[in-house]
Amino acid sequence: MENNLQRSLAAAEGTVGVSAAAKIKMTARDARVFYGEKEALHGVNLDIRENEVLAFIGPSGCGKSTFLRCLNRMNDTIDGCRVTGKIELDGEDIYDRSLDVVLLRARVGMVFQKPNPFPKSIYDNIAYGPKLHGLASTRAELDEVVERSLIRAGLWDEVKDRLDQPGTGLSGGQQQRLCIARAVAVSPEVILMDEPCSALDPIATAKVEQLITELAENFTIVIVTHNMQQAARVSNRTAFFHLGDLVEVDDTTHIFTSPKDKRTEDYITGRFG
Ligand SMILES: Nc1ncnc2c1ncn2[C@@H]1O[C@H](COP(=O)(O)OP(=O)(O)OP(=O)(O)O)[C@@H](O)[C@H]1O
C-alpha cells in the first residue's frame, strides 16, 4: 500500500466513525441498470447508514456514477436508461409511481463533478431551492436560509459582501462550495457527490474534504471518487465496484488494509484500473 494512503488512513482514524448499529438511511436490493439492452449494473445490494460518509471507488466505467444516480433517480433523465430492483429511502420505495421526484431530489441532493452554478446571483443560487419548496415565507427567512447555507459550506465570509454578484464569477473551488451550499439549502437528508473535487486544485480540494467531514454530522454523504487518498481521508466506509458489480463494502480502513476480494486488492495496490 502507498505511504500516502497509509498517512490518509491514519489521519482519518478517530475523526470518522459511524457505529455499525447506525440506522439504515437507504437500501438497494438487486439494483440493475440498463442502457438500452446493455446491463451496466448487475444487481447491487447495499445499505447506506445514516450520517456516514460512504465512498464509491473502482476503475473507470465500473458503474459508480450509474449507481449513484439510482439513489435520486437522476437516471430517469437519461434516454434509454432503465432501472430495476428496489431502492428505498427510510423504507419508502423511491421508484414508486406515486413518488414526487422533485421532492425526492430535495431529500437526496446531488453535487456534480463540474461546478454548475445557475447563471444567477450568489444569493439566488441558494434561494432558488428553498423558494421552490416553500421553505421560507418571508424575505428575512430566506436571508437566513441563504446565510446559514453559505456558512455551512464555509463560503459566507468570502461572499457576504457580494451576494448580488453572479455565482459564475467565483473561483472553481468557491463555485463548488456554492453548489454544496445550494444542495444544503433545501435541508436534504442525503447528499450525493460525483467526483466533487476532480476539477479543483489541491487547496480547494482540501476545503471541500474538510466540508464533507463537517457536513457528515448532519447529513448522509455518498461520494464517488477516483482518488483513493480522498476516500481514505473522508469516508467511514468504502464500496469497491468492478465491471458493474459491487465487489465489497466495508470500513474504509479494512478495504485499504485487508480487502477480502482479490479484485479489490489488485485495484488498491495499483495492479489495475
Ligand atoms: N448515458 C449512458 N449511455 C450508455 N451507456 C452509459 C451511459 N452512462 C454510462 N454508461 C455505461 O455504463 C457503464 C458504467 O458507467 P459509469 O459512468 O457509471 O461508470 P463510472 O464507474 O462512474 O466511470 P468513471 O469513473 O469513468 O466516471 C460504462 O460501461 C458506461 O459506458
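Residues numbered from 1 in each chain as written. Predicted model: local features only at pLDDT ≥ 70, side-chain atom pairs only at ≥ 80, totals over all residues. Heavy atoms only, no water.

- Taking an unreviewed UniProt entry as the reference, the protein chain is identified by name as Phosphate ABC transporter ATP-binding protein belonging to Parazoarcus communis SWub3 = DSM 12120.
- Per UniProt, the comment on the protein chain under Function (unreviewed entry) is "Part of the ABC transporter complex PstSACB involved in phosphate import. Responsible for energy coupling to the transport system."
- Looking at the Subcellular location (unreviewed entry) heading of the UniProt record, one finds this comment for the protein chain: "Cell inner membrane". (UniProt positions renumbered as here; feature names shortened; annotations may be inferred.)

## Some details on the site of the ligand
Move 1: Among the 15 residues in the neighbourhood of the ligand, the closest are listed as Ser60, Gly61, Lys64, Thr66 and His226.
Move 2: In the environment of the ligand, an oxygen atom lies 2.8 Å from a nitrogen or oxygen atom belonging to the side chain of Ser65.
Move 3: For the ligand, the protein covers 65% of the area, taking 630 Å² as the surface of the free molecule.
Move 4: Of all the elements in the fold, those that place two or more residues in the shell around the ligand are β2 (38-49) and α2 (64-70).
Move 5: The leading source of residues in the shell around the ligand is α2, at four residues. (Near = heavy atom within 4 Å. Polar contact = N/O pair within 3.5 Å; in protein donor to acceptor, adjacent residues only side chain to side chain. Areas by Shrake-Rupley, 256 points an atom, 1.4 Å probe, with all protein chains shown as cover. Helix = DSSP H or I, 4+ residues; strand = E, 2+ residues; numbered from the N terminus.)

## Overview of the UniProt feature "domain: ABC transporter" (unreviewed entry) in the protein chain
Move 1: Residues given the UniProt feature "domain: ABC transporter" (unreviewed entry) here are residues 26-268.
Move 2: The straight-line gap between the two end C-alpha atoms of residues 26-268 is 26 Å; of that span, 37% is helix and 27% is strand.

## Comments concerning the packing of helix α4 (residues 122-132) against helix α7 (residues 172-185)
Relative placement of two packed helices is described by the angle separating their axes and the distance separating the axes.
Move 1: Put simply, α4 and α7 touch, their axes get as near as 8 Å, and they point 25° apart. Taken together, α4 and α7 sit at an angle that is classed as roughly parallel. The handedness of the crossing between α4 and α7 comes out as right-handed. Where α4 abuts α7, its residues Ile122, Asn125, Ile126 and Pro130 lie against Leu178, Ala181, Arg182 and Ala185. (Axes fitted to C-alpha atoms, helices over the stretch in contact; angles between N-to-C directions. Parallel < 35°, antiparallel > 145°, perpendicular 65-115°, else oblique. Left-handed = near helix turned anticlockwise from the far one by under 90°. Contact = heavy atoms within 4.5 Å.)

## A short note on the sheet that holds strand β1 (residues 24-35)
Move 1: If you walk across this open sheet you meet the four strands as β2-β1-β4-β5, and the pairing is antiparallel. Only two strands of the sheet have a single neighbouring strand rather than two, namely β2 and β5 (92-93).
Move 2: Note: β1 against strand β4 (residues 81-89), eight bridges, orientation antiparallel. Note that in β4 the partner of Phe34 across the bridge is Arg82. (Pairing = 2+ DSSP bridges.)

## Considerations on α4
Move 1: Along α4, the positions that sit buried rather than exposed are Ile122, Tyr123, Asn125, Ile126, Ala127, Gly129 and Pro130.
Move 2: Against the buried residues of α4 lie α5 (139-152), α6 (156-159) and α7.
Move 3: Looking one or two places after α4, you find Gly134, whose phi comes out positive at around 60°. (Buried < 20%, exposed > 50% of the residue type's maximum accessible area, 1.4 Å probe, protein only.)

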